[in-house]
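A structural walkthrough
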Amino acid sequence: MAYYIQEILRYILGLFFSLLPTVYHVRVRTSPFGDADTDANVWIKIHGNNGVTDQIKLDNPNRDDFEVNSEDDFTVEGRDVGRVKGVEIYRDTSGWGDGWHLESVSY
């Protein structure tokens, strides 16, 4: 009987902790090419062995992100996806100069 109570508690605690947001650190590098920068909105989805986050906007307030030959660091929160396997990153067509040449993303 004690074993079953322990397993039920483990299950309940697992559900509870899966609802807490996880902090992710993301670094985005924009290429050094002349028109590589963007003023568009940029989002990321983080994929892992336990699922995928909702879309998360990448934006550092009071900073011009995604400029030519720059690295931008972001600390974001999302659902716990377990071990990160990859990311989707995308932009919209807003802003002046909405093109973008992404060089790399690390997490």
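See the structure printed just above.
Residues numbered from 1 in each chain as written. Predicted model: local features only at pLDDT ≥ 70, side-chain atom pairs only at ≥ 80, totals over all residues. Heavy atoms only, no water.

**What to know about unusual backbone geometry**
- In this structure, N62 takes a positive phi of about 60° despite not being glycine.
- Along the polypeptide, N62 turns up in the loop between β4 (56-58) and β5 (71-78).
- With a relative accessible area of 86%, N62 lands in the exposed category.
- If you check the backbone angles, N69 has positive phi at about 55° while not being a glycine.
- Take N69: it is sitting in the loop between β4 and β5. (Helix = DSSP H or I, 4+ residues; strand = E, 2+ residues; numbered from the N terminus. Buried < 20%, exposed > 50% of the residue type's maximum accessible area, 1.4 Å probe, protein only.)

**Let's talk about the packing of aromatic side chains**
- Counted by the stated rule, this structure contains three aromatic pairs.
- Ring centres of F66 and F74 lie 5.7 Å apart, and the angle between their planes is 25°; on these two criteria the pair is classed as stacked.
- Taking relative accessible area as the criterion, F66 reaches 3% and is therefore assigned buried.
- Accessibility expressed as a relative area gives 3% for F74, which makes it buried.
- One aromatic cluster is present, formed by F66, F74 and W100 through successive ring pairs. (Phe/Tyr/Trp six-rings, centres within 6.5 Å; stacked < 30°, edge-to-face > 60°.)

**Concerning the nonpolar core**
- Of all hydrophobic cores here, the largest spans 13 residues; its most connected members are V28, I44, I46, L58, F66, F74 and V76.
- Once residues within four sequence positions are removed from consideration, I46 is found in contact with Y24, G51, V52, T53, I56, V81, V84, G86 and V87. (Core = buried A, V, L, I, M, F, W, Y, C linked by side-chain atoms within 4.5 Å. Contact = heavy atoms within 4.5 Å.)

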